[in-house]
Amino acid sequence: MRSPAIMRVMHGLAHHHVGSPSLLQWLCILLLALAIPLALNATALPNWSAAFPVAGLAFLAYAWWTAHTHDYVMFRPERGTPPDPVPLPPGQAIQVSVTGLFAVEERCRHHVWLSGEYRTFPTREHAVITRLEPTRYCRIGRSREQLEGMWYIFCQPGDIADIAVGELCFGSFRKPCVRLTHRQERSGRLRRRRVKRIMGITYLACDSEQDRCRLAADLNTQPAAIEPNHP
């Protein structure tokens, strides 16, 4: 079931809408509307034929859950020694396709395969800067307008738990990737909006092996120790 093609289709259906419901919700409603009259024997078809739309509902539910729990992408790790720490100059940026938990103006949202830039500030804080553009799916569904705009991911060196390199697949797209496991802040959904600290995963897919090596080397670089001043 973890097919990159199916996972990308599930992403397209779940994240594009006609009115308020998503395309995936509309498809489930249609299958349910078809199953009910078949089960009640309200058509010329035998009532056991209701098993087909029910099976379709079960397939969609399982496919969506599998894709959703893996952020609609497939990461294939590669073995090898981590690159030597080499800091990325503050003025330079690496073009990436990013999947993970983004934040902006106290809002948090998972996004998939957003084009953006990775950079590191002089404080050694890492940042991913992206922009969500409007998209359409099957010429019917449309992405939500309220989600369009700039989205960010910030990461302090002390929040990094693991760095792994490999290949990231999103449908037919395949790119060399760095998988970053790090602590993130996620605002709650209640009115008080309590901030929660979670362990999140950010996928940074690069355009080339060279860019992936530069990005991984930068993430492996720890801040320089500050020597105390002596009188």
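Structure: see above.
All of the points below concern the structure found in this document. Everything numeric here is computed off the predicted structure, so don't read it as measured data.

A closer look at a nonpolar patch on the surface
And then number 1: Together, Val18, Trp26, Ile29 and Ile140 give the surface a local cluster of nonpolar side chains, amounting to about 350 Å² of exposed area.
And then number 2: Here Ile140 shows up in the loop between β5 (136-137) and β6 (141-142).

Details of the environment of Leu132
And then number 1: Along the chain, Leu132 turns up in strand β4 (residues 126-132).
And then number 2: Overall, the relative accessible area of 14% leaves Leu132 in the buried class.
And then number 3: Separated by 21 residues in sequence, Leu132 and His111 have C-alpha atoms that sit 8.7 Å apart.
And then number 4: Apart from the residues within four sequence positions on either side, Leu132 is in contact with His111, Leu114, Leu147, Glu148, Gly149 and Trp151.

Some points on the packing of aromatic side chains
And then number 1: Throughout the structure, instances matching the rule amount to five aromatic pairs.
And then number 2: Ring geometry for Trp64 against Trp65: centres 6.1 Å apart, planes inclined by 50°, an arrangement best described as tilted.
And then number 3: Plain terms: the ring middles of Phe75 and Tyr203 are 5.9 Å apart, the flat faces sit at 45° to each other, and that makes the pair tilted. Note that Phe75 is positioned in strand β1 (residues 74-77) and Tyr203 in strand β10 (residues 195-206), a separation of 128 residues in sequence.
And then number 4: A network of ring pairs unites the aromatic residues Trp113, Phe170 and Phe173 as a single cluster.

Notes on the pattern of salt bridges
And then number 1: Under the defined criterion, the tally for this structure stands at 13 salt bridges.
And then number 2: For Glu78, the salt bridge goes to Arg212, with nearest N and O atoms at 3.2 Å. Here the residue Glu78 occupies a position in the loop between β1 and β2 (94-104), and Arg212 occupies one in helix α4 (residues 209-219), the gap between them amounting to 134 residues.
And then number 3: On the accessibility criterion, Glu78 (38% relative accessible area) is partly exposed.

Notes on the nonpolar core
And then number 1: By size, the foremost hydrophobic cluster in this structure holds 24 residues, and its most contacted members are Met10, Tyr72 and Leu168.
And then number 2: Elements represented by at least two residues in this core include exactly α1 (4-14), α2 (23-39), α3 (51-69), β1, β3 (107-120), β8 (160-170) and β10.
And then number 3: Apart from residues no more than four positions distant in its own chain, Met10 is found in contact with Leu60, Ala63, Trp64, Ala67 and Tyr72.
And then number 4: Counting residues in hydrophobic clusters, the runner-up holds 21 residues, among them Val104, Trp151, Cys155 and Val178.

Considerations on the environment of Pro176
And then number 1: With respect to the element layout, Pro176 can be found in strand β9 (residues 173-187).
And then number 2: The spatial distance from the C-alpha of Pro176 to the C-alpha of Pro90 is 23 Å, given a sequence separation of 86 residues.
And then number 3: The contacts of Pro176, once residues within four sequence positions are left out, are Gly166, Leu204, Ala205, Cys206, Ser208, Glu209 and Arg212.

Topic: the packing of α2 against α3
And then number 1: For the pair α2 and α3, interaxial distance at closest approach is 8 Å and the crossing angle is 155°. Taken as axis vectors, α2 and α3 run roughly antiparallel relative to one another. Of the two elements, α2 crosses α3, and the hand of that crossing is left-handed. Of the residues in α3, those touching α2 at Leu24, Leu27, Cys28, Leu31, Leu32, Leu34, Ala35 and Leu38 are Pro53, Val54, Gly56, Leu57, Leu60 and Trp64.

Describing α3
And then number 1: Here α3 is 19 residues long and its end C-alpha atoms lie 27 Å apart, about the 27 Å a rise of 1.5 Å per residue gives.
And then number 2: For α3, the set of buried residues is Pro53, Leu57, Leu60, Ala63, Thr66 and Ala67.
And then number 3: Of the residues one or two after α3, Asp71 is the one with positive phi, at around 60°.

Here we look at the pairing of β4
And then number 1: Taking burial as the measure, the seven residues of β4 include five buried ones, the bulk of the element.
And then number 2: Direction of pairing for β3 relative to β4: antiparallel, over a ladder of five bridges. Bridge assignment links Glu117 to a residue of β4, and that residue is Ile129.
And then number 3: Taken together, β3 and the strand that follows it, β4, pair antiparallel across an intervening segment of five residues, in which Arg124 is found at a positive phi of about 75°.
And then number 4: Summarising the sheet, β4 and strand β7 (residues 149-155) pair through seven bridges and their orientation is antiparallel. Each bridged residue has a counterpart across the sheet, and for Val128 the counterpart in β7 is Ile153.

Rules used throughout
- Residues numbered from 1 in each chain as written.
- Predicted model: local features only at pLDDT ≥ 70, side-chain atom pairs only at ≥ 80, totals over all residues.
- Heavy atoms only, no water.
- Patch = residues over 30% accessible without salt bridge, like charges linked within 9 Å, V, L, I, M, F, W, Y side chains within 5 Å.
- Areas by Shrake-Rupley, 256 points an atom, 1.4 Å probe, with all protein chains shown as cover.
- Salt bridge = Lys/Arg side-chain N within 4 Å of Asp/Glu carboxyl O.
- Helix = DSSP H or I, 4+ residues; strand = E, 2+ residues; numbered from the N terminus.
- Buried < 20%, exposed > 50% of the residue type's maximum accessible area, 1.4 Å probe, protein only.
- Contact = heavy atoms within 4.5 Å.
- Phe/Tyr/Trp six-rings, centres within 6.5 Å; stacked < 30°, edge-to-face > 60°.
- Core = buried A, V, L, I, M, F, W, Y, C linked by side-chain atoms within 4.5 Å.
- Axes fitted to C-alpha atoms, helices over the stretch in contact; angles between N-to-C directions.
- Parallel < 35°, antiparallel > 145°, perpendicular 65-115°, else oblique.
- Left-handed = near helix turned anticlockwise from the far one by under 90°.
- Expected span 1.5 Å × (residues − 1).
- Pairing = 2+ DSSP bridges.

Everything listed is a geometric property; what it means functionally is a separate question.
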